[in-house]
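Architecture and fold: a report
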Amino acid sequence: MKVAVFSDVQGNLPAMEVAVEHILDWNPDLVIMAGDLVNRGPSSRACLELFDALRREQGWLPIVGNHEAWVLRCGQERPLDALDAAMRRFADLTFWQIAEVEEALLDWPDHISFHADAEDSWVHVTHGSMAGHRAGISARTTDQDLRGRLPEDVSLFVGAHTHKPLQRRLGRTGILNVGSVGSPFDDDVRASYGRLELRGGRWQTHIVRLPYDRARAERDFVESGFIEQGGPLVKIIFEEWRQARVLLASWHRRYGEAVRSGAITLEGAVTEFLRSL
């Protein structure tokens, strides 16, 4: 049995198209998209329409990520104030991109479990972990913390969210983080996805890295108007994509409270942060 799992496309169509082609060439028995297909990137609608076609025509399965949940919530709830509106502008822009086709991502499950025709072959797939969409598993997650994030009695747990590919174990349970198709954070700009293959009654896992047309992806950010219209934080998100490393969390730690208190404007905090890189 062969299974492909990919995640965190983040509205990056050129990266998704390369990953889709590679997966189709491998011809797995099952393909799961483990969340965060949309948002953070300029082409959320195109990515959603491509995946929906693969779901209908190829039987590919979706899992909801924190960005699907957030974008749908933005479509239902008004911003709290002007600052909230400015900080979530890119998510609101994503919602209006997909509004006409939002039914394509409704009712996606949080988890998918399956097994092969072998003893002890259960696999559990979710976006983050059993602790929630945003509780991903990384190399820094301790074994003690892992015990609260893994389901019991599975051979293999597959997650994503951190944008950093990972393979590790906890006792008899294999752990695979498939990384990110559209915006990796491990200093490697190539798209990543995970392959699972049952051999001799045991799951073998492999992380695939794929180059794609990043010049086209950058043009999409600019020519779509996503950077211009998405609000100040998009400039940091774009730099995260460009450098393949986490930046927004550092910005929040350094400037979040000052922005909320009015000590510095959102635009000023973003400009100052980017100049410091």
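Brief notes about the state of the cysteines
Cysteine pairs can be covalently joined through their sulfur atoms, and such a bond is termed a disulfide. Applying the stated criterion across every chain yields a total of zero disulfides. The thiol of C47 is not disulfide-bonded; the next cysteine sulfur, from C74, is found 18 Å away. Judged by its relative accessible area of 0%, C47 falls in the buried class. The class of C74 is buried, set by a relative accessible area of 8%.

Describing the nonpolar core
Grouped together as the largest cluster of nonpolar side chains are 59 residues, with contacts concentrated most on F6, L37, L48, L233 and W251. No other element matches the seven residues that helix 1 (residues 13-26) contributes to this core. In terms of nonpolar packing, the next biggest core, distinct from the first, is built from 20 residues, L30, I63, I112 and L196 among them.

Focus on the layout of surface pockets
Within this model, the largest pocket holds a volume of roughly 1,000 Å³. Lining the largest pocket are 40 residues, and of these R134, H161, F185, V246 and A249 sit closest to its centre. Every element with two or more residues in the lining of the largest pocket is listed here: helix 3 (66-76), helix 4 (82-87), helix 9 (233-243) and helix 10 (248-261). The class makeup of the residues in the lining of the largest pocket is 14 nonpolar, eleven polar and 15 charged. Put simply, the parts of the chain that give the lining of the second largest pocket at least two residues each are strand 7 (166-170), strand 8 (173-177) and strand 10 (202-210). Of the residues forming the lining of the second largest pocket, the biggest block, four residues, is contributed by strand 10. Here the lining of the second largest pocket is composed, by residue class, of three nonpolar, six polar and five charged.

Looking at the pattern of salt bridges
Applying the stated rule across the entire model yields 14 salt bridges. For the salt bridge of E17 with R216, the shortest nitrogen-to-oxygen distance reads 2.8 Å. Of this pair, E17 sits in helix 1 while R216 sits in helix 7 (residues 214-223), placing them 199 residues apart in sequence. Given a relative accessible area of 34%, E17 falls into the partly exposed group. Close ionic contact of D188 with R190 constitutes a salt bridge, the shortest N to O distance being 2.7 Å. By relative accessible area, R190 is classed as partly exposed at 34%.

Definitions and limits used
Residues numbered from 1 in each chain as written. Predicted model: local features only at pLDDT ≥ 70, side-chain atom pairs only at ≥ 80, totals over all residues. Heavy atoms only, no water. Disulfide = S-S within 2.5 Å. Buried < 20%, exposed > 50% of the residue type's maximum accessible area, 1.4 Å probe, protein only. Core = buried A, V, L, I, M, F, W, Y, C linked by side-chain atoms within 4.5 Å. Helix = DSSP H or I, 4+ residues; strand = E, 2+ residues; numbered from the N terminus. 1 Å grid on protein atoms, 1.4 Å probe; cavity = no way out; pocket = protein on both sides within 12 Å on 5 of 7 lines; lining within 4 Å. Points joined across faces, edges and corners; volume = space filled by probe spheres on them. Nonpolar A, V, L, I, M, F, W, Y, C, P; charged D, E, K, R; others polar. Salt bridge = Lys/Arg side-chain N within 4 Å of Asp/Glu carboxyl O.

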